[in-house]
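A closer look at the structure
As a plain string of letters, each chain reads:
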Amino acid sequence: MVGTGAVTRRVVVNSLRDVDIETVRQPEPGAGEVRVRTTVVGICGSDLHAACGRHPFIELPYRPGHEAVGVVEAVGRGVDESWVGARVTIEPNLACGECTQCRAGRYNICRDLLVFGCQTPGALADSFTIGVDRLVALNDDLDDRHAILIEPLATPVHTVRRAAEAVGDLTGRPVVVIGAGPIGLFTLLAAKHAGARVVVADLLESKRLRAERLGAAGTFDPTAPDAIETARRLLGGPAAVVIDCVSRESSVAQAVELVDKGGAVMIVGVAEGATPVPLGLIQDRELALIGNLMYVRQDFTAAVELLASGVIPVDEIISAEFDFDQSQEAFAASADAENVKVLVTLGSSA
């Protein structure tokens with residue numbers, strides 16, 4: 001029972017079929033924090049995995065919302081008052097700032113990393129508090145429907161940047177993306193923006209067709225008997241980079257078969273526990289097997305610029321929208337393989 005004073009509604013996920021709305025005290029920003037009135041939240045693939053009890057780093061029940069856009073409505077001690085009224089999105093990685101990785105600028109792999117809306121209560125609420133250093137101010141020319149895609153686009157941007165660091169400039173280079181869900185499609189767009197020639201694998205024909213509409217040079221069914229031959233024909237040979245957005249034993253094995261000697265296999269999907277890999281081939285072919293987690297600010301900024309350029313077809317990506325009191329339906333819709341990005345809206349940012 002919530003006592004007197006301002007209150008806020010907040011979503012709590014107990015399971016995919018049990019998404020509830022609880023009422024709690026309205027949060028007050030502490031020192032270095034702001035309170036944000038939420039306007040839009042995106043449902044991520046990790047949210048779906050968590051709701052199904054399959055995410056290795058998120059325990060049920062949890063309070064989601066790490067893809068968020070809103071308006072700052074209050075600031076805590078030490079925060080500039082000019083933030084009040086600002087439209088913002090958030091960078092949800094909560095790092096210690098002191099470990100070796102943080103000091104090296106790789107705070108996305110902080111030793112004590114927490115993710116807002118995954119291990120802490122998130123933004124799928126009327127309002128939430130967060131450190132001012134996690135805010136990214138939005139220009140008026142980037143509307144909410146574009147801005148909500150910044151966070152999920154930042155991980156593919158990060159992955160493509162690291163792939164180029166591993167194998168060199170991707171301009172004109174053959175790249176395979178395994179998986180045509182939201183992250184796979186964003187990875188396709190980020191790799192194309194880097195100049196790569198991209199072929200996409202997915203089980204569903206509808207997803208393969210969407211990838212082709214978004215500019216894939218070709219697509220293939222990874223379970224087909226001739227999948228490797230088809231991919232190499234579309235690529236004109238082996239891939240310089242394979243980006244695995246599925247991360248299962250079968251997809252990693254296929255990635256190793258598809259990549260050229262000296263190439264890189266980029267792991268983006270969250271594996272459900274220990275996953276065997278063909279280590280003999282990785283050693284023999286001098287392959288780089290590279291994990292990728294979230295992003296840092298330069299990737300976030302690059303994602304903003306990519307969205308602002310207009311090359312991301314938002315209407316092809318955003319496939320369903322629900323009001324806050326329909327959050328249960330939003331999570332159910334996210335389980336539909338035909339949906340790409342599902343949004344929950346809580347009002348205008350005007």
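Look up: the structure comes first, before these words.
Residues numbered from 1 in each chain as written. Predicted model: local features only at pLDDT ≥ 70, side-chain atom pairs only at ≥ 80, totals over all residues. Heavy atoms only, no water.

**As for the packing of aromatic side chains**
One pass over the full model with this rule turns up 2 aromatic pairs. Measuring from ring centre to ring centre gives 5.3 Å for Phe116 and Phe128, while their planes differ by 50°; the resulting arrangement is tilted. With a gap of 12 residues between them, Phe116 in the loop between β7 (114-115) and β8 (127-131) and Phe128 in strand β8 connect regions that are remote in the sequence. Across this residue pair, the class does not change: Phe116 and Phe128 are buried. (Phe/Tyr/Trp six-rings, centres within 6.5 Å; stacked < 30°, edge-to-face > 60°. Helix = DSSP H or I, 4+ residues; strand = E, 2+ residues; numbered from the N terminus. Buried < 20%, exposed > 50% of the residue type's maximum accessible area, 1.4 Å probe, protein only.)

**A closer look at the pattern of salt bridges**
Evaluation of the coordinates by the stated rule reveals 18 salt bridges. For the salt bridge of Arg35 with Glu73, the shortest nitrogen-to-oxygen distance reads 2.8 Å. Taken as a pair, Arg35 in strand β3 (residues 33-43) and Glu73 in strand β4 (residues 67-75) lie far apart in primary sequence, 38 residues in all. Glu73 sits in the partly exposed class, given a relative accessible area of 31%. Bridged by salt links that share partners, the residues Glu91, Asp133, Arg134 and Arg297 form one connected network. (Salt bridge = Lys/Arg side-chain N within 4 Å of Asp/Glu carboxyl O.)

**Focus: the packing of helix α4 (residues 150-167) against helix α5 (residues 182-193)**
Two quantities define a packed helix pair, namely the angle between the axes and the distance from one axis to the other. The N-to-C vectors of α4 and α5 enclose an angle of 50°; their axes lie 8 Å apart at closest approach. Considering their axes alone, α4 and α5 lie oblique with respect to each other. For α4 against α5, the interelement crossing comes out right-handed. Taking contact as the criterion, the partners of Pro152, Leu153, Pro156, Val157 and Val160 in α4 are, on α5, Ile183, Phe186, Thr187, Ala190 and Ala191. Residues belonging to the contact of α4 with α5 are distributed by class as follows: 9 nonpolar, 1 polar and no charged. (Axes fitted to C-alpha atoms, helices over the stretch in contact; angles between N-to-C directions. Parallel < 35°, antiparallel > 145°, perpendicular 65-115°, else oblique. Left-handed = near helix turned anticlockwise from the far one by under 90°. Contact = heavy atoms within 4.5 Å. Nonpolar A, V, L, I, M, F, W, Y, C, P; charged D, E, K, R; others polar.)

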